[in-house]
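Observations on the model geometry
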Amino acid sequence: MEPASLTWVLVSAALVLFMTPGLAFFYGGMDRGRNVLNMLMMNLYCVLIIPVVWMVLGYSLSQGGSGNWIGNFDWFFLKDIGVLEDNGGQLATIAFLGMFAAITPALISGAVADRMKFSAWAIFVPVWSLLVYVPVFKWVYGGWLGDRGSLDFAGGTAIHVNAGIAALAAVLVLGKRKGWPQEGHPPHSMPLVMIGTGILWFGWFGFNAGSSLAASGQAAQAFMNTFLAAAAAGLVWVITEWLRDGKPTNLGAASGIVSGLVAITPAAGYVSGGAPLAIGGIAGLVCCYAVKLKSKAGYDDALDVVGVHLVGGLVGSLLIGFFANPEFFDGSFGEGLFYGGGAGLLGEQALANLAAMVWSFIITFGIMLVLKKTIGVRVSPQDEADGLDYSQHAESAYH
Amino acid sequence: MKLITAIIKPFKLDEVKEALKAAGVTGMTVSEVRGFGRQGGHSETYRGAEYKIDFVPKVRFEIVVDDNVVESVIASIKAAASTGKIGDGKIWVTSVDRLVRIRTGEEGSSAI
């Protein structure tokens, strides 16, 4: 890897690391004050356990070898990976991808908020990472889904759709929070949500533009797309709720920004021009309605991981089928419908997301059921009432 | 007229509010307070050091009602706030000499 690219990948890796505490604040502010520390800890725990899992086994199983379904053990404990070859490029890439591995299970924490035993979460995260994240990542990046021609620039299918559908499976096993939906569970600190949103947007430039794995023009376009899609989605969400509910809200703006970031993730290095505005705008509109599904369908996805990450990821991933523009990037990927590519790419996008969703849902449901039958997944009603900060961690956020 | 003051566990806030509304109470004031009784405090841990937190979070309801509904309001609060465990809180009743509705100047029971 040439020096400029190596520098950009390392900087991007640090940017992506910062997203996990950003996500923790984004979620933590939306939580109630007696559960905020538990939320921060669920997220922080992901950057404690996943680097270990990733170094020992995760990277090797998700990138080793040429298998269609799963990697191999060639890079167990990063065996034989030196820094003298390729200027340390592979090691930089492993670090960069490790940050993605860490934030993906963290996304699920928003759905199970306020009621999951921390001990169950502590086991769920590494097990889910190896049984769900690693194989789906392999399918998309170096396995059968990628080989068929489906596109996922920075993890729309592999990360957001994957974690979003897993969040749905997890809350179906876990059950609803006490008092939901009657009590409304309003955010305890909107300023914390806004800080988290800012950190996420900042870090997301590394997430998307870093995914070129090169200091290249494609990275510059991915950066610009990340900027524009988030703005467009936040704008559309706010306008939608202003017209629909009467007032523009901070939470709407923050949720819109994140939905746009999610939607542009799979498309960031494949689209250009006005496409990021369209992708972000559509995601903002669709997600603004999708977050209302949980009340109608009766699943308690506490902080809208399904409505924002699953739905936003699907929107962005499917829109690649319309907007992918290989000519602009001088790339060898498929053309979208608007660039004369026919419906082939759209079909591959649909198949890739369907495959990821089926696997992720079934295996996540299974992991949660096993945890439920063994150590239990849910805190006692008394612990839930006292708040998870005190009952799980013997701390309180505010004195 | 009586002032009913109730100290309850914070998570019982909504249940007690609903019970009071069901009992016909039309207004109430709620504050987040801290205190302890027989329950004592609880322990928190910071970097391995255990701290005794004497004052635990509670919610205080203040409701002014007519004399004839005092018993039923107390019964409603008791039923809604009870968990049977230590720390459920207390209810006390004090006499109110005078009550004024600021907007209209009404006084006494009609100002409730």
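Cut-offs used in this document
Residues numbered from 1 in each chain as written. Chains lettered and ligands numbered in written order. Predicted model: local features only at pLDDT ≥ 70, side-chain atom pairs only at ≥ 80, totals over all residues. Heavy atoms only, no water. Patch = residues over 30% accessible without salt bridge, like charges linked within 9 Å, V, L, I, M, F, W, Y side chains within 5 Å. Areas by Shrake-Rupley, 256 points an atom, 1.4 Å probe, with all protein chains shown as cover. Salt bridge = Lys/Arg side-chain N within 4 Å of Asp/Glu carboxyl O. Helix = DSSP H or I, 4+ residues; strand = E, 2+ residues; numbered from the N terminus. Pairing = 2+ DSSP bridges. Axes fitted to C-alpha atoms, helices over the stretch in contact; angles between N-to-C directions. Contact = heavy atoms within 4.5 Å. Buried area = accessible area lost by both parts, 1.4 Å probe. Buried < 20%, exposed > 50% of the residue type's maximum accessible area, 1.4 Å probe, protein only. Lys, Arg positive; Asp, Glu negative; His and termini not counted. Polar contact = N/O pair within 3.5 Å; in protein donor to acceptor, adjacent residues only side chain to side chain.

Glancing now at a nonpolar patch on the surface. Together, Met55(A), Phe73(A), Phe76(A) and Phe77(A) make up an exposed nonpolar region whose accessible area comes to about 390 Å². Within the fold, Met55(A) resides in helix H2 (residues 36-63).

Next up on the list: the sheet that holds strand E2 (residues 29-35) of chain B. All names here are of chain B. Strand order in the open sheet made by the four strands is E2-E5-E1-E6, with antiparallel pairing throughout. Sheet topology places E2 and strand E6 (89-95) at the edges, where each strand pairs with a single neighbour. Across the sheet, the mean angle from the axis of one strand to that of its neighbour is 20 degrees, orientation sign disregarded. Pairing of strand E1 (residues 2-8) with strand E5 (residues 56-65), which is carried by seven bridges, proceeds in the antiparallel orientation. Among the inter-strand pairings, Ile-8 is bridged to a residue of E5, identified as Val-59. Most of the contacts of helix H1 (residues 13-22) go to E5, to which it runs at about 10 degrees, and overall it touches E1, E2 and E5. Against the sheet, helix H2 (residues 70-81) contacts E1, E5 and E6, and its axis sits at roughly 5 degrees relative to E1.

The next point concerns the environment of Ser259(A). All names here are of chain A. Along the polypeptide, Ser-259 turns up in helix H9 (residues 250-264). It is 26 Å that separates the C-alpha atoms of Ser-259 and Ala-95, two residues lying 164 residues apart in sequence. Setting aside residues up to four positions removed in sequence, Ser-259 forms contacts with Ala-233, Trp-237, Ala-283, Gly-284, Cys-287 and Val-308.

The next point concerns the interface of chain A and chain B. The interface of chain A with chain B comprises nine residues on the first partner and 11 residues on the second. When the two sides are added together, the surface that chain A and chain B hide from each other amounts to roughly 920 Å², 48% of it contributed by carbon and sulfur. Among the residues of chain A in contact with chain B, Gln382(A), Tyr390(A) and His399(A) are the three that bury the most area, contributing 43% of the side total. Along the contact surface separating chain A from chain B lie one salt bridge.

All names here are of chain A. Tracing the sequence through the fold places Arg-115 in the loop between helix H3 (89-108) and helix H4 (118-140). No salt bridge is formed by the buried Arg-115. Its closest oppositely charged neighbour is Asp-300, at 4.1 Å. Of the polar contacts made by the side chain of Arg-115, one reaches the backbone oxygen of Ala-113; its length is 2.8 Å. One polar contact links the side chain of Arg-115 to the main-chain carbonyl oxygen of Gly-175, over a distance of 2.7 Å.

All names here are of chain A. By secondary structure assignment, the location of Ser-211 is in the loop between helix H7 (190-209) and helix H8 (217-245). A distance of 2.7 Å separates a polar atom in the side chain of Ser-211 from the backbone oxygen of Phe-207. For Ser-211, the contacting residues outside a window of four places in its chain are Phe-96, Phe-100, Phe-153, Ala-154 and Gly-206.

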